[in-house]
Every structure is written in structure tokens, then in C-alpha cells.
Amino acid sequence: MLRHLLKTGNLTLRMPSGEVVHAGDGTAPSVTVTLHDAALPRKLLLNPELAMGEAYMDERLTIEGDDVRGFLTLIVSNFQQGNLPLSQKIARQLRIAKRVWDQWIPLKTAKQNAEHHYDISTPFYYLFLDEDKQYTCAYFKDPSFTLEQAQEAKKAHLAGKLLIKPGMRILDIGSGWGGLAITLAKDYGAQVVGVTLSDEQRKAAALRAEEAGVSHLVEFRLQDYRDVTEQFDRIVSVGMLEHVGQPQYPTYFKQIEKNLKEDGIAMIHFIGRTGPPGNLSPWFQKYIFPGGYTPSMSEVLKVTEKTSLEQADIEVWRTHYDRTLYEWLIRFEDRLDEVRAMGYDERFIRMWRYYLIASELSLSHMPHVLFHLQLHKHQTTVPITRDYLYVDGAPEPHSSFPADFVPRK
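The shown structure was predicted, so the numbers you read here are calculated from the model rather than taken from an experiment.

Peer 1: I keep staring at the pairing of strand β5 (residues 169-173) and nothing clicks. Help me out?
Peer 2: Within a regular beta strand, the side chains point alternately toward one face of the sheet and then the other, so they alternate between its two faces. Judged by how many residues are buried, β5 sits mostly within the fold: four of five residues are covered. In the sheet, β5 pairs with strand β6 (residues 191-196) via five bridges, with the strands oriented parallel. Each residue of the ladder has a partner; that of Asp172, found in β6, is Gly194. Of the strand pairs in this sheet, β5 and strand β8 (residues 232-238) are connected by four bridges, and their pairing is parallel. Note that in β8 the partner of Ile170 across the bridge is Arg234.

Below is the structure:
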């Protein structure tokens, strides 16, 4: 299987029996991996994505120099060349066919999924996020931006597309730790309702709103988006669609249609695929985002076109999210002593390292991007050009990374 998969790069694999296997053409990246469990080769054949992540977490698979980036780059770059054996291609198609069941998310399951990831510990997330606790893609308008500057630019770009006027009511679906809602209230004079299924996030967001002096303008609710009954001038949903589940898309967009006023604007910010529909890695499904999925734009538009919501603008952010994930990874690695002091063990650390690097590479080496879908109900609600968003006329960079950037291993 390895020799079929790896056509470029160089992998040295030390088997549990002591046998050494070589695969690839000898070019970079060059990685040495050791398997310590006699049952692992069989598991890797049956379900490679799940078994590989689990084995790294449990140290049944070790990488020389702990070069997770090099190892995953080797695997992902060859996977993208379509070198999978026939058995793995069939298994992948079966997982794609099964995704409707994996992503069926009734109310109870939605809350459990949110708690699985977001209720780990608020102080843990605060270790590696920016000062405003944004756990979504930043906007590196300038490659020299810090993470803080890029997250501020993201919020400003979203606010610009929402065309906010003081006093407008805004619904923030999936409000996280409250940073966007607080900014829209404090800097733009909006009245914001944020809904989340994580009580950890809701409590932290409410405290932050009070500290920012905008608790009279912002309300955070422990509420499913499907239970919101009011109408709003604007609706924003940042990093939430990935948790909705493909079978719930009709419900999600019908709900936005119902909650949005006739002259309203909705902004949906989500990771998506530039290729056809697929499925989330079984390792991610089990350990990181149960029920998660990054949709193709075709899957989204197929649903919105059956509502009164019209596409006002679709923007594609390329390389911004892989830069964001890299920045989170570096901050996470630099504060491992604090992670351990919180009671998290080495297995947890390896899980998060694997998650952040694999996510980064999925954005840089696979057909994943960040979509901005701007919706309205009437053709003239949103300006007919993007000039209202760009006033300085500065040229746009071709990458979110500086030209001389070299990633830390």
C-alpha cells in the first residue's frame, strides 16, 4: 500500500518485526517512522486515517524528531496525486456515501458535539488564541500582520459586508467566546444576540461583554439556532456551518430565511471544498469534531436556491486559514508547560498537535478554502460592486505568509 501511495518523497518505515521498508523516490521530505505494535499494520490497511492518528496519539507510531509536519506533508501531497490503492478508493467512497448518517444531528446530538470540543476548558483555548479569542480564520490583508491584527481585520471585513447601522439587531449564530458580538456592539452600535450550545463559551462571553461595558447591548444564549424565533436586521455565522451537518442544511438556511428581515443581510463564513462533496476524516470525526463536515459550495447553493435568500457576493480566502492554524500551533507549542499544568497529559498534547498540523495541511495542500457567502432577499440591498469594502486601493498579497517564511518544525 505504501509503495503504491508514495511516488514522491522518502519514507523509511521500521516495522514491529524489525524489517525496514522504503517507499518514495528519495526526494524531500524525508521521514523515518517506527511502528511499535504488531497489530498496527493491519489497522493501517483497514482504516489508515483513523489508525494513523490514533497510533501517533498512543505512541504506537513514532516519527523521528517528532516531525509530524514532514510526515503528514509526505502523506497528504501523495494522496492529492491520486495514488491510493483500489481498496482505499472504495473505502473512501463508502465513507462518503455514509456521511448522511454520520452528520445527522438532532438537537441533543448537536449539544453533545459542541460540548465535546468547546467545553474542554476556556483557559486552555485562551493559551493559543489571539487577545479577542477568535477561534476562526483570520484575515491576513498584509502578510506582516500579527494574529491579533489579522483577527481584527477579519471582524472589520465581516462588519463591512454586514453594512451595519447603529441600533440594528444582529443574530450571531455560533457566537463562541463573544469577540465578534462584542466588537459589533462596541464599535458599530449594534444590538447583538449570540447563540451557542457550549455553556463554557456562553459564560465566558457574558463575562467579557460585562468587562467591555456592552452587556446592555449583547445577549448570549445557550440556545440552538433552530429555536430562535425573532427577526433580525443582520445575521452572521462564523465557523458554524461546518458543525451543522449536511442533512440539516435545508433547516439551517430556512431558519436564516425566517429570522432575516426583508431588507436584511446574512454573512456565512465557513471552510469549504473547491472540489466535489467528500467526508471528514474518521479521526477528526472521533476525536475533534463529531458530526463535522466542510461542504462544497455546490452543496450549499443547492439548498439556498430553494429559499428566498439570494447570493449577493461569494468571496474565497486562500492561504488565510493555514496561516491562522500555523499561528495557533506555534502558540500552543510555546505554552506546553501551562497545558500540562492544567492537567492535560502527553496524549492530549499529541492529539492537538496532530489536529492543528493536519488542519493546516488540509488548507494548504488539499482543495479546502474559506468561503464568505453574503446573502440578501433583494438584489439592491447590497451595493453592486465591492468598492464599499476597499478604500485604500493597496495591492492584494498573493499569500498570507511572508515571502521569506520558513515553518518551524
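Peer 1: Would you explain the sheet that holds β6 in this entry?
Peer 2: What holds strands together in a sheet is hydrogen bonding between their backbones, with the strands either parallel or antiparallel. Ordered in space as β7-β6-β5-β8-β9-β11-β10, the seven strands form an open sheet in which the pairing is mixed. Edge positions in the open sheet fall to β7 (218-222) and β10 (310-317), since each of these has one partner strand only. Along the sheet, successive strands turn relative to each other by an average axial angle of 15°, direction set aside. As paired elements, β8 and strand β9 (residues 260-273) share six bridges and run parallel to each other. Bridging across to β9, Ser237 finds its partner in Ile268.

Peer 1: I tried to follow the pairing of strand β11 (residues 368-376) on my own but got confused; where do I start?
Peer 2: Counting buried positions along β11 yields nine of nine residues, so the element is predominantly enclosed. Alternating positions in β11 separate into two faces, His368, Leu370, His372, Gln374 and His376 on one and Val369, Phe371, Leu373 and Leu375 on the other, with burial throughout.

Peer 1: I keep staring at the packing of helix α15 (residues 320-334) against helix α17 (residues 346-364) and nothing clicks. Help me out?
Peer 2: Any two packed helices are characterised by the angle at which their axes cross and by the distance between the axes. At their nearest, the axes of α15 and α17 sit 8 Å apart, and the two run at 160° to each other. Judged by the angle between their axes, α15 and α17 are roughly antiparallel. Judged by the twist between their axes, the crossing of α15 over α17 is left-handed. Contacts between α15 and α17 involve Tyr321, Asp322, Leu325, Tyr326, Trp328, Leu329, Phe332 and Glu333 on the former and, on the latter, Ile349, Trp352, Arg353, Leu356, Ile357, Ser359, Glu360, Leu363 and Ser364.

Peer 1: Quick question: what am I supposed to make of the sheet that holds strand β3 (residues 30-35) here?
Peer 2: Spatially, the four strands line up as an open sheet ordered β2-β1-β3-β4, and their pairing is mixed. Because the sheet does not close on itself, it has two edges, and the strands there are β2 (20-24) and β4 (61-63). Here the strands of the sheet are splayed against their neighbours by 20° on average, with no regard to which way each runs. In terms of strand pairing, strand β1 (residues 10-14) meets β2 through five bridges, oriented antiparallel. Paired with Leu13 across the two strands is Val21, which belongs to β2. Packing of helix α4 (residues 68-79) onto the sheet brings it into contact with β1, β3 and β4, and relative to β3 it is tilted by some 100°.

Here is what the cut-offs are and how they apply
- Residues numbered from 1 in each chain as written.
- Predicted model: local features only at pLDDT ≥ 70, side-chain atom pairs only at ≥ 80, totals over all residues.
- Heavy atoms only, no water.
- Buried < 20%, exposed > 50% of the residue type's maximum accessible area, 1.4 Å probe, protein only.
- Helix = DSSP H or I, 4+ residues; strand = E, 2+ residues; numbered from the N terminus.
- Pairing = 2+ DSSP bridges.
- Axes fitted to C-alpha atoms, helices over the stretch in contact; angles between N-to-C directions.
- Parallel < 35°, antiparallel > 145°, perpendicular 65-115°, else oblique.
- Left-handed = near helix turned anticlockwise from the far one by under 90°.
- Contact = heavy atoms within 4.5 Å.

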